[in-house]
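# A closer look at the structure
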Number of protein chains: 2
Amino acid sequence: MAERNYIFDTIKGVFRTFGYSQIDTPAMENLSTLLGKYGEEGDKLLFRVLNSGDCFSKVNFDDFCTGDGVNSAALSKEVCEKGLRYDLTVPFARYVVQHQGEISFPFKRFQIQPVWRADRPQKGRYREFYQCDVDVIGSRSQLCELELVQIVDKVFSLLDVNVLVKINNRKVLTGFAEICGFPDKVVDITVAIDKLDKIGLEAVEEEMRGKGLTDSAIEVIEQILKLSGSTSGKIASMRSLMSGGSASGLSSETGMKGLDELEELFSLIEAAGVSSPVEIDLSLARGLNYYTGAIFEVKSRDFAIGSICGGGRYDNLTGIFGLPDMSGVGISFGADRIYDVLKGLDKFPEGLDSSATLLFANMGPSETRYVIPVAKSLRDKGVAVEIYPESSKLKKQFDYAARKSIPFLSITGENEVAACQVSVKNLVSGEQRCFGKDDIEAIMSFLGVATEK
Amino acid sequence: MAERNYIFDTIKGVFRTFGYSQIDTPAMENLSTLLGKYGEEGDKLLFRVLNSGDCFSKVNFDDFCTGDGVNSAALSKEVCEKGLRYDLTVPFARYVVQHQGEISFPFKRFQIQPVWRADRPQKGRYREFYQCDVDVIGSRSQLCELELVQIVDKVFSLLDVNVLVKINNRKVLTGFAEICGFPDKVVDITVAIDKLDKIGLEAVEEEMRGKGLTDSAIEVIEQILKLSGSTSGKIASMRSLMSGGSASGLSSETGMKGLDELEELFSLIEAAGVSSPVEIDLSLARGLNYYTGAIFEVKSRDFAIGSICGGGRYDNLTGIFGLPDMSGVGISFGADRIYDVLKGLDKFPEGLDSSATLLFANMGPSETRYVIPVAKSLRDKGVAVEIYPESSKLKKQFDYAARKSIPFLSITGENEVAACQVSVKNLVSGEQRCFGKDDIEAIMSFLGVATEK
């Protein structure tokens, strides 16, 4: 929990400085909201909640028995109205539509909650896990995309993780398919391009040929793949290809629109002084059936684990719930992978697992009464302090401090009480000092905690 | 969410200074863990989660059809292995038993999570609501009770709510029943005493007579009810009654033990300088079948709403899961009622609902590029800043600031850009000032935010 809180608190702090508000949605949604949104496989992975009361009493079981046995899917619909949320996106869309009258658009929200999937549990895959989503909905401005890039930049700078931000645009991909002369083959083309690094140019071309692309179409793709140089140079070259300068001579209005968006976003990123490297990656194909503009992916530059953050712009998140033309853009932080990166790079700050800064050993009833007000004064200043509840053997109390990673121990016995002092020992360095019992500032300085408040 | 976060963040901050660690348990528990723990009514209010896969395919429905129709309870057990947690106590007990090898005792934990109950939803009663529990388990020391009283005192002082802390002790109640000569009637006696304020002494005595208490037993109760004076005076009088000085002449060892505990706790409370009033309330009867020592209840002194916090010591929380003799003490903060108190007394701090401190109006693309780095510098200092994403009419942008309670607006147009300035207006006072665009400290001072970090 301490490490997860560190990640979430860092992310939340950044969200807040950008004016995003936190929302929570209930764990249970109507199954009618959830079903059909995640494909056939997703429907199977939904946890369904049995209706309360005598939910089976009105069921005619014969209706659900077919020649093959019981139709579990149909019967479960009969006895379950609710399911556990499967992701944060669908509940968010439901929320926006339901509260559209009260929401101020553009609506900037973040949401950090668990989701549930009835997967077979295995290493790295849990039936309950956290998602962390941030979205702006109700504006088509590229400033929204910029904000998400800035948020990513700031979060990983605070977490001390070097990242690479990759950006693509769905409209540009559509444009390529159009100037190839195969507007329907966006997915096939993108999937093939995605394999370039792994299988090489020849194999990619072979794969596209297998998907029915002609040689002249493949020639256009080759022109695209050979683009190199700076981001602005790439955009300029794509602009020339997209406006009829490719081998096919075809042009694409959608593609040009996508390039306008990319160009504006990169210009904003430059103005904002984003410190992480940001580059165009034409093979970025996540959420291809879903995103309509920018597509984002973030990778750690020092730890190989795949994408740790991703998202994009969508134009029809809420259409399925009856609110069309609500464009938005969002990203999702992969908390579990970010955890793995921080663990792998040893980037969690020290002391996260320590329950307190100082433990007062329990030397007996009167000594304890003596240290209680000292502990109170330190706590009032924000210092985490424990008093061992039993006057057990010192060895046991030392062990408790060690197991809970408490770095300072106070053994204040009758001599210190007589002298109105408090003794504090740094368990790491071994250094031990005595303080006047009211000299809270000096104790805090020895503990290495700032004297705020 | 902002108001709920304010309450939880305050509480969490206090828990941390006392060295409590946060734990989360999964939403779903095995039904075998949950069933039978909350009484018959509780079992009915458990949300059950349907097993995944073809869960109905192996069910022989005839087995569950009785003369009266389908036995829903039995069938649901057949097709549901998991349920949603109903409170935080049972999952905590399960957690302690399961992780007993890894936990350092005394184990100090807090937990703030939603729970689910299949109640009919109504005003103030939801199917999903948060509980906020803090417990120490594995120590019988009264220092644990003291810490909880100190935590309550500190939390409500930070929330600026005057509270009264009431304390009782189960062993003292047992003692009273024993010196009455009716050791089995603890509950009847306590329930009757609890009504004293409402129905008066005569009616209370009538009720006890109805429950089978003799006149001489009632005389003993009367002696107890007439106790008045200081806490130490009351304890001394009870000590005399409990040691054979009552009308019955009977004495109670358990009662004496309870008085020892009460006396020690009050002495510790005095040593700790707890600022809220703390008093003995012999009618306090919460969790009577469950608590074995101290019983706590906290009430607002300025807002009538019943108890806003309560708890006590238990000796057998984990026994049901196979780990006996694990004494603990805990309290639960009633977040919903605390919310009502803060609302009712108008104690939520100002600005909680504002999404940001400053909104930069969008005056066009070049002005926006100009303010982006200023916004970044402010955010890097921890200030929440928004840039309106579209260059809409100013009226619309003003409305956005108003609806989101953003107190400062910057309208930085071409004149300011030409002069390398930023204009900031206090929307509450109407005061407007210009700053050099790099003079972040001066802007922050005008915004009234501290320049930390």
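A quick note: this is a predicted structure, and the numbers were derived from the prediction, not measured. (Residues numbered from 1 in each chain as written. Chains lettered and ligands numbered in written order. Predicted model: local features only at pLDDT ≥ 70, side-chain atom pairs only at ≥ 80, totals over all residues. Heavy atoms only, no water.)

Time to look at the packing of helix α11 (residues 231-242) of chain A against helix α12 (residues 253-272) of chain A. Residue and element names in this part refer to chain A. At a closest axis distance of 10 Å, the pairing of α11 and α12 adopts a crossing angle of 165°. Classed by the angle they form, the pair α11 and α12 counts as roughly antiparallel. Relative to α12, the crossing made by α11 is left-handed. Packed against α11, whose contacting residues are Thr-231, Ile-235, Met-238, Arg-239 and Met-242, the element α12 presents Gly-255, Met-256, Leu-259, Asp-260, Leu-262, Glu-263 and Phe-266 at the interface. Partitioned by chemical class, the residues of the contact of α11 with α12 number 7 nonpolar, 2 polar and 3 charged. (Axes fitted to C-alpha atoms, helices over the stretch in contact; angles between N-to-C directions. Helix = DSSP H or I, 4+ residues; strand = E, 2+ residues; numbered from the N terminus. Parallel < 35°, antiparallel > 145°, perpendicular 65-115°, else oblique. Left-handed = near helix turned anticlockwise from the far one by under 90°. Contact = heavy atoms within 4.5 Å. Nonpolar A, V, L, I, M, F, W, Y, C, P; charged D, E, K, R; others polar.)

Examined at the domain level, chain A breaks down into domain 1 (2-36 + 87-344) and domain 2 (358-447). Here the C-alpha centroids of domain 1 of chain A and domain 2 of chain A sit 52 Å apart. (Domains from an automatic or database assignment.)

Here we take up the nonpolar core. Most often, soluble globular proteins keep nonpolar side chains buried together rather than apart. Formed by 113 residues in total, the largest nonpolar core has its most connected members in Phe-156, Ile-167 and Phe-333 of chain A together with Phe-360 and Leu-378 of chain B. Ranked by residue count, the leading element in this core is helix α6 (residues 142-158) of chain A, at 9 residues. Setting aside residues up to four positions removed in sequence, Ile-167 of chain A forms contacts with Val-149, Leu-262, Leu-265, Phe-266, Ile-269, Val-278, Glu-279, Ile-280, Asp-281, Leu-284, Ile-295 and Phe-296 of chain A. By size, the runner-up hydrophobic cluster in this structure holds 112 residues, among which are Ile-7, Ala-93, Phe-107 and Leu-148 of chain B. (Core = buried A, V, L, I, M, F, W, Y, C linked by side-chain atoms within 4.5 Å. Buried < 20%, exposed > 50% of the residue type's maximum accessible area, 1.4 Å probe, protein only.)

Turning our attention to the interface of chain A and chain B. Where interface size is given, it is often the accessible area lost as the parts come together that is meant. Opposite the 81 residues of chain A that make contact, chain B presents 80 residues. Counting every contact that joins chain A to chain B gives 8 salt bridges. Residue Asp-24 of chain A is joined to Arg-4 of chain B by a salt bridge in which the shortest nitrogen-to-oxygen separation is 2.7 Å. Counting across the chain A and chain B interface gives 30 residue pairs in polar contact (both at pLDDT 80 or more). Looking at the side of chain A that touches chain B residue by residue, the class counts come to 39 nonpolar, 22 polar and 20 charged. (Salt bridge = Lys/Arg side-chain N within 4 Å of Asp/Glu carboxyl O. Polar contact = N/O pair within 3.5 Å; in protein donor to acceptor, adjacent residues only side chain to side chain.)

Residues and elements named next belong to chain B. Reading across the sheet, the 5 strands line up as β15-β14-β16-β17-β18 and stay open at both edges, with mixed pairing between neighbours. Whereas interior strands pair on both sides, the edge strands pair on one side only; in this sheet they are β15 (385-387) and β18 (432-436). Geometrically, the sheet is characterised by an average inter-axis angle of 25° between neighbouring strands, direction not taken into account. Bridge count for strand β14 (residues 358-360) against strand β16 (residues 408-410) is 3 bridges, and the pairing is parallel. The residue bridging Leu-358 from the neighbouring strand is Phe-408, located in β16. (Pairing = 2+ DSSP bridges.)

Right, let's talk about the packing of helix α14 (residues 365-380) of chain A against helix α6 (residues 142-158) of chain B for a bit. It is the contact of α14 of chain A with α6 of chain B, at a shortest axis distance of 13 Å, that shows an interaxial angle of 30°. With respect to α6 of chain B, the element α14 of chain A is oriented roughly parallel. Every pair of crossing elements has a handedness; the one defined by α14 of chain A and α6 of chain B is right-handed. Side by side, α14 of chain A and α6 of chain B meet where Thr-368, Ile-372, Lys-376, Arg-379 and Asp-380 of chain A of the first sit next to Leu-143, Leu-146, Glu-147, Gln-150 and Lys-154 of chain B of the second. A class-by-class count of the residues in the contact of α14 of chain A with α6 of chain B yields 3 nonpolar, 2 polar and 5 charged.

What the rule picks out here adds up to 29 aromatic pairs over all chains. Here Phe-408 of chain B and Phe-446 of chain B contribute two aromatic rings whose centre-to-centre distance is 5.6 Å and whose plane-to-plane angle is 65°, an arrangement assigned as edge-to-face. Of this pair, Phe-408 of chain B sits in strand β16 while Phe-446 of chain B sits in helix α17 (residues 440-447), and the two are 38 residues apart along the sequence. Each member of the pair Phe-408 of chain B and Phe-446 of chain B is classed as buried. In textbook terms, an aromatic cluster arises when at least three aromatic residues are bridged by ring pairs, as seen for Phe-15, Phe-110, Phe-156 and Phe-333 of chain A. Its end group placed over the ring of Tyr-86 of chain A, Arg-117 of chain A keeps NZ or CZ at 4.0 Å from the ring centre. (Phe/Tyr/Trp six-rings, centres within 6.5 Å; stacked < 30°, edge-to-face > 60°. Lys NZ or Arg CZ within 6 Å of the ring centre and 35° of its normal.)

Taken together, the side chains of Asp-62, Asp-63 and Glu-78 of chain A together with Asp-62, Asp-63 and Glu-78 of chain B define an acidic patch exposed on the protein surface. Looking at where Asp-63 of chain A falls in the secondary structure, it is placed in the loop between β3 (48-50) and β4 (65-66). (Patch = residues over 30% accessible without salt bridge, like charges linked within 9 Å, V, L, I, M, F, W, Y side chains within 5 Å. Areas by Shrake-Rupley, 256 points an atom, 1.4 Å probe, with all protein chains shown as cover. Lys, Arg positive; Asp, Glu negative; His and termini not counted. Charge placed at Lys NZ, Arg CZ, Asp CG, Glu CD.)

What follows deals with the sheet that holds strand β14 (residues 358-360) of chain A. Strand pairing within a sheet occurs via backbone hydrogen bonds; the two strands may be parallel or antiparallel. All names here are of chain A. Ordered by their spatial adjacency, 5 strands build an open sheet running β15-β14-β16-β17-β18, and the pairing between neighbours is mixed. Where the open sheet ends on each side, the last strands, each with one partner, are β15 (385-387) and β18 (432-436). This sheet shows a mean twist of 25° between the axes of neighbouring strands, independent of strand direction.

What follows covers the relation of the copies chain A and chain B. Aligned on chain B, chain A shows an RMSD of 0.1 Å; the corresponding rotation is 180° and the shift along the axis is 0.0 Å. The relationship between the two copies is best expressed as a two-fold rotation axis. Considering only C-alpha atoms, the part of chain A nearest the rotation axis is Val-49 of chain A, at 2.2 Å. A share of 99% of interface residues in chain A that are also interface residues in chain B marks the association as one of identical surfaces. (Least-squares fit on C-alpha atoms with pLDDT ≥ 70 in both.)

Let's shift gears to the side chain of Asn-426 of chain B. Residues and elements named next belong to chain B. Summarising the element assignment, Asn-426 is placed in strand β17 (residues 421-426). In terms of polar contacts, Asn-426 uses its side chain to reach the backbone amide nitrogen of Ser-429, at 3.0 Å. Once you skip the residues sitting within four places of it in the chain, Asn-426 turns out to touch Pro-407, Phe-408, Glu-431 and Phe-446.

Here the focus is the pairing of strand β11 (residues 294-300) of chain B. Regular strands have side chains that alternate between both faces of the sheet. Residues and elements named next belong to chain B. Most of β11 is tucked away, with 6 of its 7 residues classed as buried. Taken together, the 7 bridges between strand β9 (residues 163-169) and β11 define a ladder with antiparallel strand orientation. Pairing of Lys-166 across the sheet is with Glu-297, part of β11. Bridging between β11 and strand β12 (residues 307-314) involves 5 bridges; their strand directions are antiparallel. Across the sheet, Phe-296 pairs through a bridge with Gly-311, a residue of β12. What sits between β11 and β12 in their antiparallel hairpin is a turn of 6 residues, with Gly-306 showing a positive phi close to 80°.

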